[in-house]
Amino acid sequence: MSLALNSSATARRPSFDRLLMFWVPVIVLAVLVIRNDARMAYAQSANGAAVEAADLAENAGTGTRERQLLFLALGATGGMLLWRDQRTNRRPIYWPIMLLLGLLFAYGCCSVVWSDSPFLTVKRMIVLGCLALGAVGIGKVWSTRDFCLALIGWTLLFVVLSVAAELANGVFLRGGDYRFSGVFHPNKQVFFCAFLFLCSSCMYQSERKRVYLAIAIFALIAVILTKSRTGTAACLLAGAWLWWSYLPRNWIVNLAVAGSILFSIGLIGLGASGEEVSLLSAARMGREDELSDPTKLTGRLPIWTETLSAFINQPLLGFGYGAFWSPERIRYFESQNGWAFSHAHSIYIESAVNWGLLGVFIMLMIVVATVRRAKYLLRTHERMAGRWMIALLILAAIAGLAESAFVADGFEAIVLCASIGLVACHGPVPPARGMR
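What you see as residue numbers is a count from 1 along each chain, following the sequence as written. Residue-level local features of this predicted model are given only where pLDDT is at least 70; pairs of side-chain atoms are given and counted only at 80 or more, and the full residue set underlies all totals for whole chains, interfaces and linings. Heavy atoms throughout the structure, all of them, feed into the side-chain values; hydrogens and water do not.

- Identification of the protein chain as O-Antigen ligase from Rosistilla ulvae is taken from an unreviewed UniProt entry.
- UniProt positions are given in the numbering used here, feature names are shortened, and annotations may be inferred rather than shown by experiment. UniProt annotates the protein chain under Subcellular location (unreviewed entry) with the comment "Membrane".

This is how it looks when you write it as structure tokens:
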């Protein structure tokens, strides 16, 4: 009887562990993103018009109690994952990446000493700690396949909810200045769609199931419909690398020729129909009227000018993590430009004011170590993790020219941190002399 009960408990244990270590993080992160970023007001227009927001200066450094609890839940979930994994599995870890991540976090904590606003730095370091703990826990415990399936599930959920919201409001694919946004801003929606495209492509390359290819095509169409120029360009280049590294060279040549022919036929068709053909207009994705409108966040030059002018005064250590965008500075920038902004719209400038040149150097070391690790994994059984990591870094590096998402406290940064944890904690560890 005792043996039978023990056998029954053992048989049930994998299901319980699966529930605890896979579905709990999936649910926590999905709720965090939807409650923190989703707004039905975005779906009530055909171009993702900005939601009428409260005073940015008044909300700087603050967050709702619900948001705080959700980030604490994410951190607690990551801690639980690491604790249970330590008891059951002892995977080899590529320590250079993990030690550099720890060094960056310690540096951020030390920035309280020279911070312009120590209170803001402490609050935002707590949020960053919860984000990093949750993300690294997911990356360490989940397999590459589990991570990709979860990411496909999350992003597909966000995209489907967005399509449903636009259909309910009668704006889906409406002409004119339509941009696919759904319940998120188009500049955020493009990253969800890009993750879906890149991750589905990785899964197709690994398992050759057509459903993943169909999802990837659907996601790529959604990326283009967002009309987010920087995000779309970044996704296309990351996807080009991903498929270039996978397809035989003769396939690539044939696809390039076919694409050129279709593009030429399209231009000829437009010309024959009497429509004005403009490559510049195509590159702008039909958003010429927004180029000089900073309230649409497309005229980013004033933001960069003001932020860099301030950064020059404190370049080495920066202003302390999260302290640059204080209420006083936001109000000052608003008085100078006539509108308010609370982040730099560039991961490079945002990182510089938050971390200073010293912190940016540590971040660069993390990127270099991660690329080396990913290239090593391309030669092992964890090649899918290596492909995904390099494609994600390409996406972040290019999109980061005009967006801060990958260094903010949102889903994009969580995906990036979890992916770094994934490549650091899976696959064989190279010899002590380094990569070969």
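What follows continues from the structure just given.
## Concerning the overall build of the protein chain
Phase 1: Numbering goes from the N terminus for both helices and strands, where a helix is a DSSP run of H or I of at least four residues and a strand is a run of E of at least two. Tallying secondary structure elements over the protein chain gives 16 helices and 0 strands in all.
Phase 2: Type-normalised accessible area, obtained with a 1.4 Å probe on protein chains alone, sets the label of each residue: buried when under 20%, exposed when over 50%, and partly exposed for intermediate values. Evaluated residue by residue, the protein chain yields a buried proportion of 49% over its 436 residues.
Phase 3: Considering only contacts in the protein chain between residues 6 or more positions apart, those separated by 24 or more positions represent 80%.
Phase 4: For accessible areas, the Shrake-Rupley method is used with a probe of radius 1.4 Å. Any residue's cover is judged against the shown protein chains and nothing else. Surface summary for the protein chain: the accessible area is close to 20,900 Å², and the carbon and sulfur share equals 66%. Contacts: residue pairs with any heavy atoms within 4.5 Å of one another.

## Thoughts on the confidence of the model for the protein chain
Phase 1: Residues at a pLDDT of 70 or more form 76% of the protein chain, whose mean pLDDT is 82.
Phase 2: You can read pLDDT as the predictor saying how much it trusts each residue, on a scale of 0 to 100. Counted against residues more than four places away or in other chains, residues 273–283, with its pLDDT under 50, gives 8 contacts.

## A look at the nonpolar core
Phase 1: Within the largest apolar cluster, 105 residues are counted, with the highest numbers of intra-cluster contacts made by Trp-154, Trp-388, Leu-395 and Phe-411.
Phase 2: With 13 residues, helix α7 (residues 186–207) is the largest single contributor of residues to this core.
Phase 3: Once you skip the residues sitting within four places of it in the chain, Phe-411 turns out to touch Leu-29, Val-33, Leu-151, Trp-154, Thr-155, Phe-158, Lys-188, Phe-192 and Phe-195. Joining through side-chain atoms within 4.5 Å is the link that ties buried Ala, Val, Leu, Ile, Met, Phe, Trp, Tyr and Cys residues into a set, and such a set is a nonpolar core.

## With respect to the pattern of salt bridges
Phase 1: Whenever Lys or Arg places a side-chain nitrogen within 4 Å of a carboxyl oxygen from Asp or Glu, that contact is recorded as a salt bridge. Following the criterion strictly, the structure yields 6 salt bridges and no others.
Phase 2: Residues Glu-207 and Arg-145 are paired through a salt bridge, measuring 2.5 Å at the closest nitrogen-oxygen approach. Taken as a pair, Glu-207 in helix α7 and Arg-145 in helix α6 (residues 144–169) lie far apart in primary sequence, 62 residues in all.
Phase 3: The exposure class of Arg-145 is partly exposed, given its relative accessible area of 37%.
Phase 4: The partner of Glu-207 in a salt bridge is Lys-209, and the shortest N-O contact between them spans 3.6 Å.
Phase 5: The exposure class assigned to Lys-209 is partly exposed, which follows from its relative accessible area of 40%.
Phase 6: A network of salt bridges, in which partner residues are shared, links Asp-37, Lys-188 and Glu-412.

## Overview of the side chain of Thr-307
Phase 1: Its location among the elements puts Thr-307 in helix α12 (residues 301–311).
Phase 2: Those residues in contact with Thr-307 that sit more than four places away from it in its chain are Phe-324, Trp-325, Ala-344, Ile-349 and Val-353.

## Quick word on the packing of aromatic side chains
Phase 1: Two rings from Phe, Tyr or Trp (for Trp, the six-membered ring) form a pair when their centres are within 6.5 Å of each other. A pair whose planes differ by under 30 degrees is stacked, one over 60 is edge-to-face, and the rest are tilted. Summed over the entire model, instances satisfying the criterion amount to 21 aromatic pairs.
Phase 2: Aromatic side chains Phe-319 and Phe-324 sit 4.9 Å apart centroid to centroid with 65 degrees between the ring planes, which places their arrangement in the edge-to-face category. Assigned by exposure class, Phe-319 and Phe-324 land together as buried.

## Side note on the environment of Glu-166
Phase 1: Topologically, Glu-166 is positioned in helix α6.
Phase 2: Distance in space between the C-alpha atoms of Glu-166 and Ser-45 is 8.3 Å, their sequence separation being 121 residues.
Phase 3: Glu-166 has contacts with Ala-43, Val-171, Phe-172, Tyr-178, Arg-179, Phe-180, Ser-181 and Gly-182, leaving out every residue within four places of it along the chain.

## Details of the environment of Ile-303
Phase 1: Assignment of secondary structure puts Ile-303 in helix α12.
Phase 2: By relative accessible area, which is 0% here, Ile-303 ends up buried.
Phase 3: Taking the C-alpha atoms as reference points, Ile-303 and Phe-333, 30 residues apart in sequence, are found 8.5 Å from one another.

## Description of helix α15 (residues 383–399)
Phase 1: A helix is expected to span 1.5 Å multiplied by its residue count minus one. The end-to-end C-alpha distance of α15, which contains 17 residues, comes to 24 Å, matching closely the 24 Å that a straight helix rising 1.5 Å per residue would cover.
Phase 2: Of all the 17 residues making up α15, 13 are buried; the element is thus mostly covered by neighbouring parts of the structure.

## Topic: unusual backbone geometry
Phase 1: The residue Leu-173 is not glycine, and still its phi comes out positive at about 60 degrees.
Phase 2: Of note, Leu-173 is situated in the loop between α6 and α7.
Phase 3: Of note, the phi angle at Arg-208 is positive, near 60 degrees, even though the residue is not glycine.
Phase 4: In this structure, Arg-208 sits in the loop between α7 and α8 (210–225).

## Comments concerning the packing of α8 against helix α9 (residues 229–244)
Phase 1: Interhelical geometry of α8 versus α9 gives an angle of 155 degrees and a closest axis separation of 10 Å. When the axis of α8 is compared with that of α9, the two are roughly antiparallel. In the packing of α8 onto α9, the handedness of the crossing is left-handed. In this structure, α8 contributes Leu-213, Leu-220, Val-223 and Ile-224 to the contact, and α9 contributes Thr-232, Cys-235, Leu-236 and Trp-243.
Phase 2: Counted by class, the contact of α8 with α9 contains 7 nonpolar, 1 polar and no charged residues. The axes used here are C-alpha line fits, helices contributing only the stretch in contact, and every angle between their N-to-C directions lies in the interval 0 to 180 degrees. Orientation categories follow fixed angle ranges, with anything under 35 degrees roughly parallel, anything over 145 roughly antiparallel, 65 to 115 roughly perpendicular, and all other angles oblique. By definition, turning the near helix anticlockwise from the far helix through less than a right angle yields a left-handed crossing, and turning it clockwise yields a right-handed one. Under this grouping Gly is polar, as are all residues other than the nonpolar Ala, Val, Leu, Ile, Met, Phe, Trp, Tyr, Cys and Pro and the charged Asp, Glu, Lys and Arg.

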